[in-house]
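Chain and residue survey
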Amino acid sequence: MSTAKNEKCKGKHFTWSKPMSHMLLEILIEEALKGNKPSSTFKAESFAKVATEISQKFNVQCEPKHVDNHLKTVKKEWGIITQFKNKSGFGWDDCLKMITVSKDVYDEEVKV
């Protein structure tokens, strides 16, 4: 039974480590500087390049679709961080790379 479950999930989920995410962003910065981001998204070859380099460096099977999906996740998370960071009472600790907030402000924010 567990074998079937593993086969079902195999290839559908790709787990990103922090070093992998960092590498993805570094490569995409280079690609943007080369002009491989003509609009709001990158060219397909940029996603392929990231997938190849991640696969080789981390000995995993990363595909361009994994890169595209992870970039969407990163953009979504950054949007949430930016939204909170700009709210009154919230701050950003650059050393810890995290949002800061007093308990009172937090309690007020999470009220249901």
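Residues numbered from 1 in each chain as written. Predicted model: local features only at pLDDT ≥ 70, side-chain atom pairs only at ≥ 80, totals over all residues. Heavy atoms only, no water.

Brief notes about the overall build of the chain
Within the chain, the secondary structure is distributed over five helices and two strands. A buried classification covers 21% of the 112 residues belonging to the chain. Summarising the internal contacts of the chain: among those between residues at least 6 apart in sequence, 36% fall at separations of at least 24. Carbon and sulfur atoms provide 56% of the accessible area of the chain, an area that totals close to 8,500 Å². (Helix = DSSP H or I, 4+ residues; strand = E, 2+ residues; numbered from the N terminus. Buried < 20%, exposed > 50% of the residue type's maximum accessible area, 1.4 Å probe, protein only. Contact = heavy atoms within 4.5 Å. Areas by Shrake-Rupley, 256 points an atom, 1.4 Å probe, with all protein chains shown as cover.)

Structural notes on the pairing of strand β1 (residues 90–93)
Pairing between β1 and strand β2 (residues 98–101): four bridges, direction antiparallel. Bridging from a neighbouring strand, Trp92 pairs with Ile99 of β2. Here β1 hands over to β2 after four residues, with Lys97 in that stretch at a positive phi of 55°. (Pairing = 2+ DSSP bridges.)

Topic: helix α3 (residues 44–58)
End to end, α3 covers 21 Å across 15 residues, agreeing with the expected 21 Å (1.5 Å per residue, within 8%). Along α3, the residues that are buried comprise Ser46, Phe47, Val50, Ala51, Ile54 and Ser55. The buried side chains of α3 occupy one side of the element, clustering within an arc of 165° when seen end-on. Projecting away from the buried face of α3 at angles above 90 degrees are the exposed residues Gln56 and Lys57. The elements touched by buried residues of α3 are α2 (18–33) and α4 (64–85). Trailing α3 by a residue or two, Asn59 shows a phi angle of about 55°, which is positive. (Expected span 1.5 Å × (residues − 1). Arc of directions from axis to C-beta.)

What about the confidence of the model for the chain?
Here the chain averages 87 in pLDDT, and 88% of its residues register 70 or above. Per-element averaging of pLDDT across the chain places helix α1 (residues 2–9) at the bottom with 36 and α3 at the top with 97. Confidence over residues 1–10 falls short of pLDDT 50; this stretch has zero contacts with residues more than four positions distant or in other chains. (pLDDT = per-residue confidence, 0-100.)

Some words on unusual backbone geometry
The phi dihedral of Asn59 is positive, around 55°, even though this residue is not glycine. Non-glycine residue Lys97 carries a positive phi angle of around 55°. Mapped onto the fold, Lys97 is located in the loop between β1 and β2.

Comments concerning the nonpolar core
Membership of the largest hydrophobic core comes to 15 residues, with the highest contact counts inside it found for Trp16, Leu24, Val50, Ile54, Cys62 and Val67. Sorting the residues of this core by element identifies α2, α3 and α4 as the ones contributing at least two each. Looking at this core, the element that brings in the most residues is α2, giving five residues. Not counting the four nearest positions on each side in its chain, Trp16 is found in contact with Ser21, Leu24, Ile54, Cys62, His66, Val67 and His70. (Core = buried A, V, L, I, M, F, W, Y, C linked by side-chain atoms within 4.5 Å.)

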